[in-house]
Amino acid sequence: MVSALARVQAMESMTAVTVSAYRHRRLSDRPLVVIPLTMAGEAGAPLAAMVGSSRRDATLLVVEQPRNRDQRFAFAACLGELVMGYIDTFRQDRRGEGEKSRYSDAPQLLVPNTGGIKALADLGRMCRFRSTTGPYAVADVVPEFGMWLTFLVERAEQAGTCLLLPVTGMLAEHWATGQSTLEDQNLASLMAWISPPPGTDVAQAMADAESPDICPPAGPTTSPQFDNRDLAPAIKSFDAAHTAGDPVALAAAQAELRELIAEQIQPTWRMVWDAISLLRSVPEAPRAAARFGRDCAFFTSYSDYRDAGGLPQRKRDTAIGAARRLDRLEQALVDFEFDMAFDDPFVLADRRSVGEAFAGTVVAAEPGRVVLSDSNRRVLRPLVTIRTDDPVRLAADTGLVSPQMPDSHKARIVSVLPDGGTTLVTVEVAGGMGTPRTPKTDGVPALDQRIAYLPDPGWRPAAEFPASDSTPWTHHSPAQAPDADATEAENTAAEGWGHDY
């Protein structure tokens, strides 16, 4: 309800409204911005990419004829050299010993929007199975680049990760606009709401953002008008010069294509770095560092997997592999939503508005309450009663944590009783309050203290799945059957690395 209200306020005021106190993603000091561009209507046909780790360090790569296989893989090799060179700079400083050894930092790729992630996924799938020998050999970097791209895309599916991020997603997590979530995927439109150009109001900035001539699309595809009016004739000129073998005409055609594509992609390049500057002004959430540590661990694990000659990711998950992936995605989403609510009062307010958390004032407390445990031991179990105006839709015995209390503080709901227009929630403190002999002074909420509680996701054991060769017959299909020329161990590895990490 709070975020919905923010969108209404943004629409009324015609300016973006802040919906979070923190930036919940780690923003690298040296991210690699990748702006992929593909031809409209040509799935899997890369047209160009602009790459660089600073605003003034941009490299433009162009495929003069996207339908030509050799040119596509020459483009992939050049892009792969740049991206792998960036990734390898993070494979130097390693700390810890044994299983705890990991790289201290991890790469971060930023694309304009979720369409950019899809374009990289297509490119990774196109590259990772290619052979470096034989009649259709590609450069050695191409399959390696494809496997790393696929790894980054798969990590991007998990909530809270920061190895590959769409800039529009980071902006939308912090600002609400008066447009739809689909329109928020247009970087130019989103930036028009958040930071319109000086001397331009949001309405005019929005109109400019929707004009492909004033503000070309932020990728991954070009506009059909540009394709028909400019790109198609330029490619035709290149093909004619290439067929004729005229080096002067060929160089002129290549220069014309680069100029056309640079005009299309440079506005997005500038907007991405403007957005990065905006995001750097937002303080980082306290728990973002721990999530980044997990990213470093996954980066280390996959790096070791590749160094050991690990296989490419499968084209399709098996039934067991799909179940494992879904379990990981669900757990990551629960953990990320909890971290955001715990860190951020704006996000917590959203949870409170629908009864998934509550906040109020302590009106009664029994800090010295002692009960007998199942083993007949005297244990300290204080009771605290909180009066709240929030709707409370949490059941008795729900485990709770509080952002206002130490991390060791744990509680559970004893009762939820209506009291006029408010609700009285009685909770029993179950952790972080000390013992009957040595109670902690800050372990129990005090009278008249303002406090918030939200459900504790707690520790969850890893889900157990059958082995890959024990797939139930109900889930067998030709598409999910193991490869005929691979062993069971190879198929298990190819489902993805680190399922039990």
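Everything below is about the structure printed above this text.
Bear in mind the structure is a predicted one, so any value in this text is a computation, not a measurement.

What counts and how
Residue indices begin from 1 for each chain and proceed along its sequence in written order. Where totals are concerned, whole chains, interfaces and linings use all residues; where local detail is concerned, this predicted model gives features only for residues with pLDDT of at least 70, and gives and counts side-chain atom pairs only at 80 or more. By convention in this description, side-chain values take in all heavy atoms of the structure and omit both hydrogens and water. Runs of E in the DSSP output that reach at least two residues are strands. Runs of H or I that reach at least four are helices, and both are numbered from the N terminus. Summary of the burial criterion: residues with accessible area below 20% of their type's maximum are buried, those above 50% are exposed, and those between are partly exposed, where the area comes from a 1.4 Å probe applied to protein chains only. Definition of a polar contact: a pair of N or O atoms within 3.5 Å, with one able to donate and the other able to accept a hydrogen when the atoms are protein atoms, and with sequence-neighbouring residues admitted only if both atoms are side-chain atoms. Paired strands are those between which DSSP finds at least two bridges. Lining residues are those with an atom within 4 Å of a point, where the points come from a 1 Å grid over the protein atoms alone and group into cavities, where a 1.4 Å probe fits but cannot get out, or pockets, open sets with protein on both sides within 12 Å along at least five of seven lines. Grid points are joined across faces, edges and corners, and a volume is the space filled by probe spheres set on the points. Any residue that is not Ala, Val, Leu, Ile, Met, Phe, Trp, Tyr, Cys, Pro, Asp, Glu, Lys or Arg is counted as polar, Gly included; the first ten are nonpolar and the last four charged. Count a disulfide wherever a pair of cysteine sulfur atoms falls within 2.5 Å.

(A) Structural view of the environment of D93. Among the structural elements, D93 can be located in the loop between α2 (69-88) and β5 (94-95). According to the relative accessible area criterion, D93 is partly exposed, its value standing at 36%. In sequence terms D93 and L120 are 27 residues apart; their C-alpha atoms lie 27 Å from each other. At 3.1 Å, the side chain of D93 and the side chain of R95 are in polar contact. A distance of 2.8 Å separates a polar atom in the side chain of D93 from a polar atom in the side chain of S104.

(B) Examining the pairing of strand β15 (residues 410-419) more closely. The pairing of strand β14 (residues 399-401) with β15 spans 2 bridges and is antiparallel. Counterpart to L400 in the pairing with β15 is A411. With 9 bridges joining them, β15 and strand β16 (residues 422-431) adopt antiparallel strand pairing. Paired with D419 across the strands is T422, a residue of β16. Linking β15 to β16, which pair antiparallel, is a turn of 2 residues; within it G420 sits at a positive phi near 70°.

(C) Representation of the layout of surface pockets within the structure. When its volume is computed, the second largest pocket comes out at roughly 900 Å³. Along the wall of the second largest pocket there are 36 residues; nearest its centre are G169, A172, E173, F336 and M340. Contributing elements (two or more residues each) for the lining of the second largest pocket: α1 (2-13), α3 (114-127), β8 (164-166), α5 (167-174), β9 (175-176), α11 (319-343) and α12 (345-353). The greatest single-element share of the lining of the second largest pocket, amounting to 5 residues, is contributed by α11. Residues of the lining of the second largest pocket, tallied by class, amount to 19 nonpolar, 8 polar and 9 charged.

(D) Focus on the state of the cysteines. Considering all chains together, one arrives at 0 disulfides under this definition. C78 takes part in no disulfide bond, and the closest cysteine sulfur to it belongs to C127, at a distance of 12 Å. For C78, a relative accessible area of 41% gives the class partly exposed. C162 carries a free sulfur, and the closest cysteine sulfur to it, the one in C296, is 7.7 Å from it. According to the relative accessible area criterion, C162 is buried, its value standing at 4%.

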